[in-house]
Amino acid sequence: ITSLRETDPVTGDILRMVENPDIYGEGLALVGDRLIQLSWKDEVATVYDLATFEQVGQFTYAGEGWGLCYDGEQLYMSDGNPLLQVRDPETFELKYSLAVTFQGWTISGIPANDQLIDLSALNELECVGDYVYANVWTTEYILKINKRNGIVEALIDGEPLTVQVERKGSSWLFTTRGARHSVRILDPATAKLAAHMIEKTPPDLSKYLLCPMPGLL
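Reference entry: report on the structure contained in this document.

Rules used throughout
Residues numbered from 1 in each chain as written. Predicted model: local features only at pLDDT ≥ 70, side-chain atom pairs only at ≥ 80, totals over all residues. Heavy atoms only, no water. Core = buried A, V, L, I, M, F, W, Y, C linked by side-chain atoms within 4.5 Å. Buried < 20%, exposed > 50% of the residue type's maximum accessible area, 1.4 Å probe, protein only. Contact = heavy atoms within 4.5 Å. Pairing = 2+ DSSP bridges. Helix = DSSP H or I, 4+ residues; strand = E, 2+ residues; numbered from the N terminus. Axes fitted to C-alpha atoms, helices over the stretch in contact; angles between N-to-C directions.

Core analysis: the largest hydrophobic core is formed by 20 residues, its most contacted members being Leu84, Ile107, Leu122, Leu143 and Ile145. When near neighbours in sequence (up to four residues on either side) are disregarded, Leu143 contacts Ile107, Leu119, Leu122, Val132, Tyr133, Ala134, Val136, Val152, Ala154 and Leu155. One finds Ala29, Ala45, Phe59 and Met77 within the second-largest nonpolar core, a separate group that totals 12 residues.

Below you can see the structure in the form of structure tokens.
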């Protein structure tokens, strides 16, 4: 079920929430005193009052809805394709579409390391000044797109900033920047008891020659 939430940025506590079971919610943008939220395949954008979270309107559009941002004048929308849709913030009417390119190449086939990489699945959008920043679905890349001509002026590789998380028995393995960290997550009572447990250190076997089958040496 899709929900719109206001949360405390420090604690993560939910301050208020409204559910919308009729859609699969996607991109969200603040336009004045309204919030506009896309839906993935339902082809509707829901309008909420910022102060009350009450649904006060709805727009329709063709195709899928992925990311949405507002620059103070126009809405920019993505649908998983190498295009930015520019829409009217009052009517949601499609004004025009921008083809997104990188160094003269379509972003569905950018040459890199003797191969073509596909960065066409524009997803979440953020409007900052003269640019729209878009993350690319299933990748660690962020594109800095000139909102006036669709040209990608910077290709940001976010992989060094990400953390890969893997479950290993009762622990979690975090990998970032080539370093690996094993972490155990305990409830308060278990953590208090664990603080008094002596950690077992594996024996140093570096001075010994281990024989896989006794009797061969």
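After that view of the structure, there is still more to cover.
What follows is about the sheet that holds strand S10 (residues 94-99). Pairing in this open sheet of 4 strands is antiparallel, and the strands run S7-S8-S9-S10 from one edge to the other. Of all the strands in the sheet, just strand S7 (68-70) and S10 have a single pairing partner and so form its edges. Averaged over all pairs of adjacent strands, the angle between their axes in this sheet comes to 25°, without regard to strand direction. Pairing of S7 with strand S8 (residues 75-77), which is carried by 3 bridges, proceeds in the antiparallel orientation. Residue Tyr70 lies in a different strand from S8, and its bridge partner there is Leu75.

With that out of the way, let us pick up the sheet that holds strand S18 (residues 152-157). Spatially, 4 strands are ordered S15-S16-S17-S18 in an open sheet, and the strand pairing comes out antiparallel. Here the strands that pair on one side only, and so sit at the sheet edges, are strand S15 (122-128) and S18. Each neighbouring strand pair of the sheet contributes to a mean axis angle of 20°, computed without reference to strand direction. Relative to S18, strand S17 (residues 141-146) is paired through 5 bridges, and the arrangement is antiparallel. Counted as the bridge partner of Lys144 is Ala154 from S18.

For the rest of this paragraph, the subject is the environment of Ile14. Following the sequence through the fold, Ile14 ends up in strand S2 (residues 14-20). The class for Ile14 is partly exposed, based on a relative accessible area of 45%. Setting aside residues up to four positions removed in sequence, Ile14 forms contacts with Arg5, Glu6 and Thr7.

With that settled, the discussion passes to the pairing of strand S1 (residues 2-7). As judged from the 6 bridges shared by S1 and S2, these two strands associate in the antiparallel manner. Its bridge partner being in S2, Thr2 is matched across the sheet by Asn20.

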